[in-house]
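Structure at a glance
Single-letter residue listing:
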Amino acid sequence: MNILEQDFIQGFIRMCSDGFAQGWHERNGGNLTYRMKDEDVKSVQSVFSYQREWEDIGAEVPKLANEYFLVTGSGKYFRNVELNPESNIGIVEIDETGTKYHIVWGLTNGAVPTSELPSHLMNHEVKKQATDGEHRVIYHCHTTNVIALTFVLPLKDEIFTRELWEMATECPVVFPAGVGVVPWMVPGGKDIAVATSELMKEYDVAIWAHHGIFCSGSDFDITFGLAHTIEKSAEILVKMLSMSSKKLQTIQTDELRSLADAFHVTLPEKFLYEK
Ligand code: 2HA
Ligand code: ZN
């Protein structure tokens, strides 16, 4: 068995390369984690080593006790993951209390998991509960146009959601719950993890002001596609605002309601205000 040939590892590596190709991972920007299925663990467990020390997570995630995660490394560059997976990504096991982790594969030469591990794990815990175990992927990326918008739009869920929905017809269907917005906060700590996980009870996406996107999904395609759709919509909004501060026409509130009916999604009323 070659661990690097497993589908879940291949999917993870491809997502790192795709994100870099989009320009969302300058230097060591961004991070990705995947909550492994039992079958994933069974398929690769024979190469795990249980020698490395237990370390504090920096958050309590009791509902993730004994789970395994594939994670990007702290300070590692997404563009290097494909070239040398074992030194840039790794698998960690969470202990039975949900307060410690240890590395069982990869992250060679003393590397450690992403600095955003507390945010990722707290949000995995929220999403595991909220989706009955369906969500497995948490992704953070430095999307240029979304970041640009956080300097000119009010940092409110209602404003970001509505503007992004109006910029591309697919948007209300792709993220019907909307997006949450986190004000600027120090990255990597518990505070941003807590603020984000409050929003992720309601949304699959949180926008971190002046920093990027944080999002969750059931698999690599859905999660990458979510970030891609939001960034595309943000790019259209940036282009539009560069041409004119006012829209001559847009998708109207009643048209958003028709879209929701046609595609069988529910759009929260708080986003369907008249302007
Ligand atoms: O450098 O993106 O938010 C990794 C990050 C921290
Ligand atoms: Zn970041």
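Rules used throughout
Residues numbered from 1 in each chain as written. Chains lettered and ligands numbered in written order. Predicted model: local features only at pLDDT ≥ 70, side-chain atom pairs only at ≥ 80, totals over all residues. Heavy atoms only, no water. Buried < 20%, exposed > 50% of the residue type's maximum accessible area, 1.4 Å probe, protein only. Helix = DSSP H or I, 4+ residues; strand = E, 2+ residues; numbered from the N terminus. Pairing = 2+ DSSP bridges. Salt bridge = Lys/Arg side-chain N within 4 Å of Asp/Glu carboxyl O. Near = heavy atom within 4 Å. Polar contact = N/O pair within 3.5 Å; in protein donor to acceptor, adjacent residues only side chain to side chain. Areas by Shrake-Rupley, 256 points an atom, 1.4 Å probe, with all protein chains shown as cover. Nonpolar A, V, L, I, M, F, W, Y, C, P; charged D, E, K, R; others polar. UniProt positions renumbered as here; feature names shortened; annotations may be inferred. Contact = heavy atoms within 4.5 Å.

1. A word on the pairing of strand β5 (residues 100-106)
As a general feature of sheets, a regular strand has side chains that alternate between the two faces. Across the seven residues of β5, six count as buried, placing the element largely inside the fold. For strand β4 (residues 89-94) and β5, the ladder comprises five bridges, and the chain directions are antiparallel. Considered in β5, the bridge of G90 is made with G106. Linking β4 back to β5 in an antiparallel pair, the connection comprises five residues, with G98 at a positive phi of about 75 degrees.

2. Concerning the pattern of salt bridges
Between side chains of opposite charge, a pair can form when the charged atoms approach closely. On inspection of all chains with the given rule, the structure shows 14 salt bridges. Here R35 ties to E67 by a salt bridge, and the two come within 3.4 Å at their closest N and O atoms. Of this pair, R35 sits in strand β1 (residues 31-35) while E67 sits in the loop between β2 (55-56) and β3 (68-72), and the two are 32 residues apart along the sequence. The class of R35 is buried, set by a relative accessible area of 3%. For E67, a relative accessible area of 12% corresponds to the buried category. One salt bridge in this structure joins D56 and K100, with 2.8 Å as the shortest N-O distance. With D56 in strand β2 and K100 in strand β5, this residue pair connects regions lying 44 residues apart in the sequence.

3. As for unusual backbone geometry
We note that L107 has phi near 45 degrees; this positive angle belongs to a residue other than glycine. Take L107: it is sitting in the loop between β5 and α5 (117-130). Judged by its relative accessible area of 0%, L107 falls in the buried class.

4. A word on the site of ligand 1
Around ligand 1 sit N28, G29, G30, N31, E116, H140, H142 and H211, and those are all the residues in its vicinity. Measuring from an oxygen atom of ligand 1, one finds a side-chain N or O atom of H140 at 3.3 Å. In isolation ligand 1 offers 220 Å² of accessible surface; the protein chains occlude 85% of this area. When its residues are assigned to classes, the shell around ligand 1 shows no nonpolar, seven polar and one charged.

5. Some remarks on the UniProt feature "active site" (unreviewed entry) in the protein chain
Summarizing the sequence annotation, UniProt attributes the feature "active site" (unreviewed entry) to E116 in the numbering used throughout. Tracing the sequence through the fold places E116 in the loop between β5 and α5. A residue is classified by how much of its surface remains accessible, and E116, at 3% relative accessible area, is buried. Excluding anything up to four places from it in sequence, E116 contacts N31, P187, G188, I192, W208 and H211.

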